[in-house]
Amino acid sequence: MVQKLLHACYRVHDLDASMKFYTELFDFTVSRERRFPEHKFDLVYLTVPGSDFELELTYNYDADPYTIGDGFSHLAIAVDDLEAMHEKCVQAGYETTDLKGLPGNKPSYFFVTDPDGYRLEVMLEK
């Protein structure tokens, strides 16, 4: 049986701020949008070059901010220049951890938090 991971869904409080985070800070592009104003919600799907996996941003009109559960941790993205991306995240003003590494290893990742509080692990591409 062939299987394929399709997308992850984030419910967002401010669609414009979330789209800015993913498209301007990282190289996500809008792969498709579905707008349902009569039902008071929008779906925006984002991808990164070279990947079929999508991040679905679901915006429910007039919703209160969402509480992120403690069982979900993060999504991860690989970059070829970890230090440059780290500096870009810091300069953009997003909550960004220091560079980190597993015990006994050089720094190879950090976390940045999007406008809705979701964490994105940024890892050095191997």
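Parameters at a glance
Residues numbered from 1 in each chain as written. Predicted model: local features only at pLDDT ≥ 70, side-chain atom pairs only at ≥ 80, totals over all residues. Heavy atoms only, no water. Phe/Tyr/Trp six-rings, centres within 6.5 Å; stacked < 30°, edge-to-face > 60°. Helix = DSSP H or I, 4+ residues; strand = E, 2+ residues; numbered from the N terminus. Buried < 20%, exposed > 50% of the residue type's maximum accessible area, 1.4 Å probe, protein only. Pairing = 2+ DSSP bridges. Axes fitted to C-alpha atoms, helices over the stretch in contact; angles between N-to-C directions. Contact = heavy atoms within 4.5 Å. Core = buried A, V, L, I, M, F, W, Y, C linked by side-chain atoms within 4.5 Å.

(A) Spotlight on the packing of aromatic side chains. Under the counting rule described, the total for this entry stands at nine aromatic pairs. With a centroid separation of 4.8 Å and 85 degrees between ring planes, the pair formed by Phe21 and Tyr94 is classed as edge-to-face. Within this pair, whereas Phe21 is found in helix H1 (residues 15-25), its partner Tyr94 is found in the loop between helix H2 (82-91) and strand E6 (109-113), the two being separated by 73 residues in sequence. Residue class for Phe21 comes out buried when judged on its relative accessible area of 0%. Aromatic pair Tyr59 and Tyr61: ring centres 5.4 Å apart, planes at 35 degrees, arrangement tilted.

(B) Region of the structure containing the sheet that holds strand E3 (residues 41-47). Pairing is mixed across the open sheet formed by four strands, whose spatial order is E1-E4-E3-E2. Whereas interior strands pair on both sides, the edge strands pair on one side only; in this sheet they are strand E1 (7-12) and strand E2 (29-36). Between one strand axis and the next, the sheet turns through 20 degrees on average, direction left out of account. Taken together, the six bridges between E3 and strand E4 (residues 54-60) define a ladder with antiparallel strand orientation. In the sheet register, Tyr45 faces E4, and the bridge partner there is Glu56. This element, H1, spans E1, E2, E3 and E4 of the sheet and lies at about 165 degrees to E4.

(C) View of the sheet that holds strand E5 (residues 74-79). Taking strand neighbours across the sheet as the criterion, the three strands line up as E5-E7-E6 in an open arrangement whose pairing is mixed. The sheet is open, and its two borders are formed by E5 and E6, each paired with just one other strand. Between one strand axis and the next, the sheet turns through 30 degrees on average, direction left out of account. Here E5 pairs with strand E7 (residues 119-124) via six bridges, running parallel. Bridge pairing in E7 links Val79 to Leu124. Together, E5, E6 and E7 form the strand contacts of H2, whose direction differs from that of E6 by roughly 25 degrees.

(D) Fine view of the nonpolar core. Formed by 25 residues in total, the largest nonpolar core has its most connected members in Tyr22, Phe26, Leu57 and Val122. Counting residues per element, the ones that place at least two in this core are E1, H1, E3, E4, E5, H2, E6 and E7. Sort the elements by how many residues they give to this core and H1 lands first, with five residues. The residues touching Phe26, leaving out its near neighbours within four places in the chain, are Phe21, Ile77, Met85, Cys89, Val112, Leu120 and Val122.

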